[in-house]
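Descriptive analysis of the structure
Single-letter residue listing:
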Amino acid sequence: MSDASRNGKYRIVHYVNQFFGGVGGEEKADCEPFTIQGPQGPGRLLEKLFRQGNVDVEIVATVVCGDSYFVDHQEDVLRELIPLIRGYHPDLVVAGPAFNAGRYGIACGGICSSLQPLGIPAITAMFKENPGVDQYRKTALIVETANNVTGMEEAVRKMVRLGIKRLHGEEIEFPQAEGCFEQGIRKNYSHTEPACERAIAMLLRKINGDPFETEYPIPFFDRVDPRPAIADLKGITIALVTSGGIVPTGNPDHIESSSASKYGKYSLEGLETLDARTHQSAHGGYDNTYANADPNRVLPIDEMRVLEKEMGFKRHPWYYATVGNGTSVDNAQKFAKEIAVELIRDGVQAVILTST
Amino acid sequence: MSYARPHAGAHPVTHHWRKITVTDLGYSSATRVENGKLLIDKGELTALLRSDPNIKDVQLAIARPGDSVRIIPVKDVIEPRLSRIPGYPIFPGVFSAWDPDSHGIPSGEIVSLCGMVVTTVGSIVGYQEGLIDMSGPGARYSLFSGKHHLVLDISVKEGTERHEHEKSVRLAGFKASDYIARSSLDGSLSSGSRETLINPIDPEYHGSEISDGRKRRPRIAYLYMLQSQGLLHDTYYCGVDVKKMLPRRIVPTEVLFGAIVSGNCVSACDKNTTYHHQNNPIILDLLRRHGVDWDFVGCVITNENVTLGDKQRSSTLAAELIVSLNPDGVIVSKEGFGNPDADLMMNCSKIEAHGIKTVLLTDEFAGQDGASQSLVDSHPNADAIVSTGNANEVIVLPPMEKVIGDDRVITELAGGSSKCRLPDGSVAIELQALIGSTNQLGFENISSRFK
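First, a word on scope: everything that follows refers to the structure included in this document. The shown structure was predicted, so the numbers you read here are calculated from the model rather than taken from an experiment.

**Here's the deal with the overall build of chain B**
Check the secondary structure of chain B and you find seven helices and 26 strands. Compactness check: chain B gives a C-alpha radius of gyration of 21 Å against a globular reference of 22 Å for 451 residues, within 12% of the reference. Per-residue burial over chain B gives 57% buried out of 451 residues. Residue pairs in contact within chain B that sit at least 24 positions apart in sequence constitute 81% of those at least 6 positions apart.

So, in structure tokens, the structure goes:
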């Protein structure tokens, strides 16, 4: 048990930058981290508002670091500060509020994100345009604030409200409802009405010109313009990559039939064609009867060998395969980046992508 | 197309729907309902099903709500119903030819057995079959966990080709359902509730446009998208594989009679089983308040074929049919995911281009962590979406005392993985593998939002 439990007070560690830590302004932004016992600057307001909320807290330490120093030495600072903060056995860590101070926001976000996986509740606060928001919204609870210090009292009030919930061990399932930035992560919940009723109600509002809220805002799509055609294939190396799930028989890498979490890289050395004994489809999103009967239908090795002779290009001795069925776009992008790096390293100049 | 529609005109097709509730299942020497319990003649039913030359064996099993039972791998779920309209069968076109254009659907009565379903399982045909848990955390995600199940565990003869395998299992479900309904519902019925559903007036009859000076009710149409991508991804309308069909209007209550049936196992969470079609809540909700809170002006069915050309053609024709109904707005429901997202967006954009408002029902595939984008296609006009949940979200299902079917396939199911079995016997599996969990006809309450 922490010391807090012994004297009945919750222990808080507060992180602030050089300005709020009383060191100085921009000219002191490369100040190295140090610790003050007790509250400092906005920490006093934090303590006061926690107590007004009938929650007895004690800021046991205020950790201070210059904004430039933090961003210039981020990894080193975190390596130093995280164990230091942990050593105070805090029940809660509060960072900021950082308002629209970009480097301060990144520091607050970085500290909170690093503490969360250690099971130490941490909260911060910043203005919506602070670069720390985009960088850390998925991994830290960030309360939305005004863009400058005039919003201090309101920001601290919101942080205290959220902080009390965290101190009481409440899981914050939907941060937006607590005044935080959305984490941009989809999470299921049970609505009070079935979807068919919601659909009709939404349609009536849309028809009447009343405001309505879509349950899934359509995101920006990353559309890729096709490259111009290659005029002459003579001498260039061409690789095959497929999302059609053609794998060696037995699916040695256990690529999932849907929601693939991986891809495989398989040799084509010496293969003039694929056949049903050596290759199969691991894909669960189409009728794979015909792909299993003749895997060339999805990964056309037979035709490639004919065209090689005809057009004079070189074969790449490996192919890559995954299952493009319910596979998240994030995973697909990750696979693509890794595969592209290898293909470029291996001197491949063109790729034929087959899908189903 | 409508050279012989005797029922088109000012009198809307009207159906009286009687529901007999079943509270338990059991076996007996004669199939019947007695004091709310459905008794089944095991020998007669299995003999009927084994008359299919592909079927080697059929085992019957009963599962009740709250039982520690997992049913897997489920292919279809069907509610037994009996048509009391002379000459108009249940599952029109399935057991014998039926041309909906030359015969139409007459008004009359239909009877259903509520509270129980016929569920088909058996060796896996494709990866996208699913499971039903009768209790535990999985039971919260599917209306089927609240039903009494007569499970048909069907094995086919060795060497049966996959498409034949699928067809035999599909037809077995319909035969069993039809047998139960005929045996238990044919006769005088004393109990049960009764509901009357009045269809929209045929839009080809224009004499009905009465302007009585009151505020006009909103006109709502329904575009009903049906999965049609091949083995285990097919749907049938009046016995016709919808991938070979063009979009068309239907009389909404045709679905009550099983005019649309599932041959579809993609994927468990968001395929429409035959039960879902028979009880389509969008059609039922639109009919129940038709003429009161809105005018339900009609239902168009369309397919979700795999080629771009088919998608373009079907979406153009579907939009034209919707426009012909002159609605203010349209509900569009999708079936399946991924590839059909493109059909959904084409339907949406082509209908919105006519100034007709759309609301789309779709589930999401946002990754297990919920951090990815949810659909594979988008359109700026898709601004009103109802989400039926992220199917990638993982839930942990504890082991059940009894398995009906074969749970060894769990790692192969869409939503499972080679690592989904946990040391304590539980499985950590995506919602995807649970039948009907993210159904896009809107049966369930699950949704998804940003956290």
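**Notes on the interface of chain A and chain B**
Each partner contributes to the interface: chain A provides 51 residues, whereas chain B provides 63 residues. When contributions to the side of chain A that touches chain B are tallied by element, the ones reaching two or more residues are strand S7 (186-190), helix H8 (195-208) and helix H11 (329-345) of chain A. Per-element tally for the side of chain A that touches chain B: the top contributor is H8(A), with 11 residues. In terms of residue class, the side of chain A that touches chain B is made up of 20 nonpolar, 18 polar and 13 charged. One ladder, built from five bridges, connects S7(A) with strand S26 (residues 446-450) of chain B; its direction is antiparallel. The residue of S26(B) that forms the bridge with A:Tyr189 is B:Ser447.

**Section: the sheet that holds strand S7 (residues 76-78) of chain B**
All names here are of chain B. Taking strand neighbours across the sheet as the criterion, the four strands line up as S5-S12-S10-S7 in an open arrangement whose pairing is mixed. The sheet is open, and its two edges are formed by strand S5 (55-63) and S7, each paired on a single side. Put simply, the sheet's adjacent strands are angled 20° from each other on average, direction ignored. Here eight bridges tie S5 to strand S12 (residues 148-156), and the two strands are oriented antiparallel to one another. Its bridge partner lying in S12, alanine 61 is registered against valine 151. Of the strands in this sheet, S5 and S12 are in contact with helix H1 (residues 42-50), which crosses S5 at around 140°. Along the sheet, helix H3 (residues 162-185) makes contact with S5, S7, strand S10 (116-122) and S12, crossing S10 at roughly 155°.

**A closer look at the nonpolar core**
Nonpolar side chains tend toward joint burial in soluble globular proteins. Counting 129 residues, the largest nonpolar core has A:Ala199, B:Ile71, B:Tyr222, B:Leu223, B:Ile322 and B:Ile331 as its most contacted members. Of all the elements, H3(B) adds the most residues to this core, at eight residues. The residues touching B:Ile322, leaving out its near neighbours within four places in the chain, are B:Ala221, B:Leu223, B:Val300, B:Pro327, B:Val330, B:Ile351 and B:Ile356. If you look at the next biggest cluster of nonpolar residues, it comprises 57 residues, including A:Val60, A:Tyr136, A:Met159 and A:Phe181.

What counts, and at which threshold
Residues numbered from 1 in each chain as written. Chains lettered and ligands numbered in written order. Predicted model: local features only at pLDDT ≥ 70, side-chain atom pairs only at ≥ 80, totals over all residues. Helix = DSSP H or I, 4+ residues; strand = E, 2+ residues; numbered from the N terminus. Rg over C-alpha atoms; globule rule 2.2 N^0.38 Å. Buried ≥ 20, exposed ≤ 12 C-beta atoms within 10 Å, placed from the backbone. Contact = placed C-beta atoms within 7 Å. Nonpolar A, V, L, I, M, F, W, Y, C, P; charged D, E, K, R; others polar. Pairing = 2+ DSSP bridges. Axes fitted to C-alpha atoms, helices over the stretch in contact; angles between N-to-C directions. Core = buried A, V, L, I, M, F, W, Y, C linked by C-beta atoms within 7 Å.

Coordinates in, geometry out; function isn't part of it.
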